[in-house]
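# Examination of the molecular architecture
These are the residues of each chain, in order.
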Amino acid sequence: MGSLSLDTVAETVLRRRYLRRGDDGAVIETPDELFHRVAENLAAAEADFDGDVETTQKRLYDAMSAFEFLPSSPTLMNAGTDLQQLAACFVLPIEDSMESIFTAVKQTALIHQSGGGTGFSFSNLRPAGDVVRKTGGVASGPVSFMRIFDATTEQIKQGGRRRGANMGVLDATHPDIEDFVAAKEATDAFRNFNLSVATDGAFWEAYEGDTAYEIVNPRSDEVVRRADPAKLIDRIAEMAWQTGDPGVLFLDTINRGNPTPHLGRIEATNPCGEVPLLPYEACILGSINLGEHTDGSTVDWEKLRDTVHLAVRALDNAIEMSEFPVAAIDETVAETRRVGLGVMGFHDMLVDLRVPYVSDEAVERASELMVFIQDESQAASRRLADEREPFPQWENSTLEEPMRNATTTSIAPTGTISMIADCSASIEPIYNVAYTKHVMGGLEIVNDRFVDLAKDDGFYSEALMEDLHDRTSIQDVEEIPDGVKRLFHTSHDVPAAHHLRIQAAFQDHVDNAVSKTVNMPRSATVDDVKEVFLTAREYDLKGITVFRSGAKPEQILGESPLKEECVGECDYVGPRGE
């Protein structure tokens, strides 16, 4: 399959999802040819700005084929093909009319077919039971209409390779909020949706002041009743404990960080929550593999700087080269040019640095890394603005210096591209050092860093690896030295409070948002879940989602149905993933 050095998992993922196929369905591309195709396509944009096409193409190919940087799945799949839709994240508007709703359904179908994921706020729709003056009938409400989007998504397998994903958002002030919160209580309901309740400062002031807040009919803007915010939070926590949904969005925090407030208020995010977007905005994503940016036991800052600058250029080029399935998206993207550079392999980097994931130092490293990446990504965008002009809405934005892109950073879940790069996903802890991932017929995942350390320290054996395969933690395995155990905390070992600290450390230096799942043990209580939501608010996060082991019947990673960041990137579409 080409001259690249790939493990079996990467080969399987590329063959099943990414490599081009002929009319008969047979694979007609090698992984090496894929990286050449993507590099050639993205570098072609340089010609429009008198840039160096050949050098950019070579640098991008080298970075991708060495798994130092990978664009998100739609770019890898579609760049240099007839489809040429390169963005992963979209938000579509839904207004209170049949025309708007079904226009959005059609646009959703086109976006999913092209490999993108969609987010919506259903908050403008009149509540169930409300009057429909045109017909004299009764409105069915947001949750009912969401079923149409869910069914549409179910029928469209994106490009024949992956299922679509949606984020459904409803404001806490909507009269149907209780129905929305409980929407996933029924088995298999909304399996193509993540759900999030939108909250703002007024809601949290009411919560903290132990006072009622207003429930408003969006059709008439009339206050229909007053509700207890504490009861709603309790109910959200109860359903999140049971099903993994809904999460919570903090719209006041999101809009405080919106660089283009003059264009409108952000009310929704992409399916995994890492990119809050205005209607018809899209964002092109890519991730740097931090595990390929260490030099023995230290961070190779110069290499990281070079990769950041190359990646931002590649993502901006992808905007130039992308062809969107809806004209309004083309127009909106051209105005703000959002890109989202993120990371994967964070846990791998910590292992190289001999820093335990569950430690204060890991939080400090997260902050230090993201300060650097944010600063350098903005420097790269300023340089591109100098070469190519700032994004058109820059002068009216909150940004002080000319930038090519309204945003430059976002932490996506990297569900599948991390498997291609053979690295830990996003900023998450590893799931285990050896396990079967239940997608694509079953993928055998083995942590190479653990194997190398086991061999170096003289405790490696096939029997040990076989024994570890059935475990979700290695902390009680006597053969493994304590110093090694500390480096391989799994998602089951990491306390919820530490998940939040890691998310906050990154979010403080990310201008979009962070997709992060706070995994909790089966024994966690509803109050434990509620505490995560409340702490997320204290940390000024833009959104939060919780998954308690055992809350879902679907299984991705292993025997325990732990939530996996894979919406839109895995065969299974479940809570939270890109």
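Residues numbered from 1 in each chain as written. Predicted model: local features only at pLDDT ≥ 70, side-chain atom pairs only at ≥ 80, totals over all residues. Heavy atoms only, no water.

Broken down by element type, the protein chain carries 20 helices and 22 strands. Over its C-alpha trace the protein chain gives a radius of gyration of 23 Å, about what one expects of a compact globule, namely 25 Å for 578 residues. Taking the principal axes of the C-alpha coordinates as reference, the protein chain spans close to 75 × 60 × 50 Å. Considering only intrachain contacts with a sequence separation of at least 6, the fraction spanning at least 24 residues in the protein chain is 72%. Element-wise, carbon and sulfur atoms account for 45% of the exposed surface of the protein chain, whose accessible area totals about 21300 Å². Computing the positive centroid from 53 side-chain charges and the negative centroid from 98, the protein chain places the two 4 Å apart. (Helix = DSSP H or I, 4+ residues; strand = E, 2+ residues; numbered from the N terminus. Rg over C-alpha atoms; globule rule 2.2 N^0.38 Å. Contact = heavy atoms within 4.5 Å. Areas by Shrake-Rupley, 256 points an atom, 1.4 Å probe, with all protein chains shown as cover. Lys, Arg positive; Asp, Glu negative; His and termini not counted. Charge placed at Lys NZ, Arg CZ, Asp CG, Glu CD.)

One finds Ile329, Phe346, Phe506 and Ile544 to be the most contacted residues of the largest nonpolar core, which totals 137 residues. No other element matches helix 11 (residues 301-321), which puts 10 residues into this core. Counting 18 residues, the second-largest nonpolar core is a separate cluster that includes Val451, Leu453, Ile474 and Leu487. (Core = buried A, V, L, I, M, F, W, Y, C linked by side-chain atoms within 4.5 Å. Buried < 20%, exposed > 50% of the residue type's maximum accessible area, 1.4 Å probe, protein only.)

The step from aspartate 245 to proline 246 runs through a cis peptide bond, and the omega angle for that step is 0 degrees. Although it is not a glycine, arginine 337 sits at a positive phi angle of roughly 50 degrees. Position of arginine 337 among the secondary structure elements: in the loop between helix 12 (327-336) and strand 18 (339-344). Assessed through its relative accessible area of 6%, arginine 337 is described here as buried.

Attention shifts here to the pattern of salt bridges. Here the structure, examined in full by the defined rule, presents 37 salt bridges. Between arginine 388 and glutamate 46 there is a salt bridge; the shortest N-O distance is 3.0 Å. Of this pair, arginine 388 sits in helix 14 (residues 360-388) while glutamate 46 sits in the loop between helix 2 (31-43) and helix 3 (53-65), placing them 342 residues apart in sequence. In terms of burial, arginine 388 and glutamate 46 fall into one category: buried. Notably, a salt bridge pairs aspartate 360 with arginine 501, separated by 2.9 Å at the nearest N-O pair. One end of the pair, aspartate 360, is in helix 14; the other, arginine 501, is in helix 19 (residues 496-507), and 141 residues separate them in sequence. With a relative accessible area of 48%, aspartate 360 lands in the partly exposed category. Looking at arginine 501, the relative accessible area reads 30%, which means it is partly exposed. Members of the salt-bridge network, linked through shared partners, are Glu46, Arg313, Asp316, Glu320, Arg337, Arg383, Glu387, Arg388 and Arg404. (Salt bridge = Lys/Arg side-chain N within 4 Å of Asp/Glu carboxyl O.)

This part is about the pairing of strand 11 (residues 222-227). Both strand 10 (residues 213-217) and strand 11 contribute to a ladder of 5 bridges, which runs antiparallel. Across the sheet, valine 216 pairs through a bridge with valine 223, a residue of strand 11. The antiparallel pairing of strand 10 with strand 11 creates a hairpin that spans 4 residues between the two strands, and aspartate 221 there sits at a positive phi of about 60 degrees. (Pairing = 2+ DSSP bridges.)

The next point concerns the packing of aromatic side chains. As enumerated under the stated definition, the model contains 18 aromatic pairs in all. With 5.3 Å between their ring centres and 85 degrees between their planes, phenylalanine 203 and tryptophan 204 make a pair best called edge-to-face. You can call tryptophan 204 buried: its relative accessible area is 2%. Ring geometry for tryptophan 204 against tyrosine 207: centres 5.5 Å apart, planes inclined by 65 degrees, an arrangement best described as edge-to-face. Taken together, the positions of tryptophan 204 and tyrosine 207, both in helix 8 (residues 201-209) and 3 residues apart, correspond to about one turn of that helix. Lying over the aromatic face of tyrosine 460, lysine 455 brings its terminal NZ or CZ to 4.9 Å of the ring centre. Over the ring of tryptophan 241 we find arginine 548; its NZ or CZ atom is 3.7 Å from the centre of that ring. (Phe/Tyr/Trp six-rings, centres within 6.5 Å; stacked < 30°, edge-to-face > 60°. Lys NZ or Arg CZ within 6 Å of the ring centre and 35° of its normal.)

When the sulfur atoms of two cysteines share a covalent bond, that bond is a disulfide. In total, this model carries 0 disulfides according to the counting rule given. This cysteine, cysteine 89, is not joined by any disulfide, and cysteine 283 carries the nearest cysteine sulfur, 5.7 Å off. Judged by its relative accessible area of 1%, cysteine 89 is buried. (Disulfide = S-S within 2.5 Å.)

As a further point, take the side chain of arginine 126. Mapping arginine 126 onto the fold places it in the loop between strand 3 (117-121) and strand 4 (131-132). A distance of 2.8 Å separates polar atoms of two side chains, one belonging to arginine 126 and the other to aspartate 96. For arginine 126, the side chain forms a polar contact with the main-chain oxygen of valine 131, separated by 2.7 Å. (Polar contact = N/O pair within 3.5 Å; in protein donor to acceptor, adjacent residues only side chain to side chain.)

Every buried residue of helix 8 is accounted for by Gly201, Phe203, Trp204, Ala206 and Tyr207. Of the surrounding secondary structure, the elements contacted by the buried residues of helix 8 are strand 9 (193-199), strand 10, helix 9 (229-243), strand 12 (247-250), helix 10 (251-256) and helix 20 (526-538). Among the residues of helix 8, the N-terminal cap falls to aspartate 200, whose side-chain oxygen and the backbone nitrogen of alanine 202 are separated by 3.2 Å. Phi turns positive one or two residues past the end of helix 8, at aspartate 210, with a value near 55 degrees.

A few words on a negative patch on the surface. A cluster of acidic residues, Glu205, Glu208, Asp527, Asp528, Glu531 and Glu538, forms a negative patch on the protein surface. Mapped by element, the contributors of at least two residues to the negative patch are helix 8 and helix 20. The element contributing the most residues to the negative patch is helix 20, with 4 residues. Among the structural elements, aspartate 527 can be located in helix 20. (Patch = residues over 30% accessible without salt bridge, like charges linked within 9 Å, V, L, I, M, F, W, Y side chains within 5 Å.)

Within the secondary structure, asparagine 258 sits in the loop between helix 10 and strand 13 (268-269). The exposure class assigned to asparagine 258 is buried, which follows from its relative accessible area of 3%. A polar contact is formed between the side chain of asparagine 258 and the side chain of arginine 338, at a distance of 3.4 Å. Setting aside its immediate chain neighbours within four residues, asparagine 258 contacts Gly264, Ile266, Arg338 and Thr398.

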